[in-house]
Amino acid sequence: MFDTPSTSYPLIAVDWGTTNRRAYLIDASAAIIDLREDTLGILSAPLKGFVNALGGLIGGWRDVATAGPPILMSGMVGSRQGWIESTYLKCPVDTSLLKANLVAVPDVEGACIMPGVCLPSVGARSDVVRGE
């Protein structure tokens, strides 16, 4: 259906959790053009197998080995157990700070992982979000 990426589809957004993942092909007006989802979260990715796992999810939208629409990932893909660990920023957080703390994925040109956000700790409790 979407075999050739174009400037009409400027972003691929991926929410990659522990047990599930969702990918969205988003157009210039921020409309979702296509959605893919499966149960292959970070626990299903083989060690050092995230590049191939991402390719399996977004194949036809973009080849992970070449330049194409940027890929913005969030969720547990940015955890210690994920592809690359991203930081947590304390709330309230400005969007410019989120952008400044994107973590580039060295194996995929134009791919980044969003930082997480957290509320100030209250005793032993810490509330965190990784972009889900």
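Refer to the structure printed above.
Student: Can you walk me through the environment of E109 in this structure?
Tutor: Tracing the backbone shows E109 in the loop between β6 (103–104) and β7 (111–113). Setting aside its immediate chain neighbours within four residues, E109 contacts R62 and A67.

Student: Mind showing me how you'd approach the environment of I71 here?
Tutor: For I71, the location among the structural elements is in strand β4 (residues 71–74). Considering only alpha carbons, one finds I71 and P10, 61 residues apart in sequence, at a separation of 9.2 Å. Residues in contact with I71, not counting those within four places in the same chain, are I12, V14, L54, I58, R62, V108, G110, A111 and C112.

Student: Which parts of the structure should I look at to understand the packing of aromatic side chains?
Tutor: Each aromatic ring pair is characterised by the separation of its centres together with the angle its planes make. Considering all chains together, one arrives at three aromatic pairs under this definition. When the ring of W16 is compared with that of W83, the centres are 6.3 Å apart and the planes differ by 75°; the resulting orientation is edge-to-face. With W16 in strand β1 (residues 11–16) and W83 in the loop between β4 and β5 (88–90), this pair connects stretches of sequence that are 67 residues apart. As far as the burial class goes, W16 and W83 line up, both buried. Lying over the aromatic face of W16, R21 brings its terminal NZ or CZ to 5.3 Å of the ring centre. Taking NZ or CZ as reference, R36 lies 4.2 Å from the ring centre of W61, over its face.

Student: Just to check I follow, could you spell out the side chain of R21 for this structure?
Tutor: Position of R21 relative to the elements: it lies in strand β2 (residues 21–26). Classification of R21 by relative accessible area gives buried; the value is 3%. From its side chain, R21 meets the backbone oxygen of L40 in a polar contact 3.4 Å long. Engagement of the side chain of R21 in a polar contact is seen with the backbone oxygen of A53, the distance being 2.7 Å. R21 has contacts with D15, W16, R36, E37, D38, L40, A53, L54, G56 and L57, leaving out every residue within four places of it along the chain.

Student: Which parts of the structure should I look at to understand the pattern of salt bridges?
Tutor: For side chains of opposite charge, pairing can occur when their charged atoms come near one another. Counted by the stated rule, this structure contains three salt bridges. Between R21 and D38 there is a salt bridge, with its nearest N and O atoms 2.8 Å apart. Of this pair, R21 sits in strand β2 while D38 sits in strand β3 (residues 32–38), and the two are 17 residues apart along the sequence. Among the residues examined, D38 registers a relative accessible area of 24% and is labelled partly exposed.

Student: Sorry if this is basic, but what is going on with the pairing of β3 here?
Tutor: Consecutive side chains along a regular strand alternate between the two faces of the sheet. For β2 and β3, the ladder comprises six bridges, and the chain directions are antiparallel. Bridge pairing in β3 places Y24 opposite L35. From the end of β2 to the start of β3, which pair antiparallel, there are five residues, and A30 there has a positive phi angle of about 75°.

Parameters at a glance
Residues numbered from 1 in each chain as written. Predicted model: local features only at pLDDT ≥ 70, side-chain atom pairs only at ≥ 80, totals over all residues. Heavy atoms only, no water. Helix = DSSP H or I, 4+ residues; strand = E, 2+ residues; numbered from the N terminus. Contact = heavy atoms within 4.5 Å. Phe/Tyr/Trp six-rings, centres within 6.5 Å; stacked < 30°, edge-to-face > 60°. Buried < 20%, exposed > 50% of the residue type's maximum accessible area, 1.4 Å probe, protein only. Lys NZ or Arg CZ within 6 Å of the ring centre and 35° of its normal. Polar contact = N/O pair within 3.5 Å; in protein donor to acceptor, adjacent residues only side chain to side chain. Salt bridge = Lys/Arg side-chain N within 4 Å of Asp/Glu carboxyl O. Pairing = 2+ DSSP bridges.

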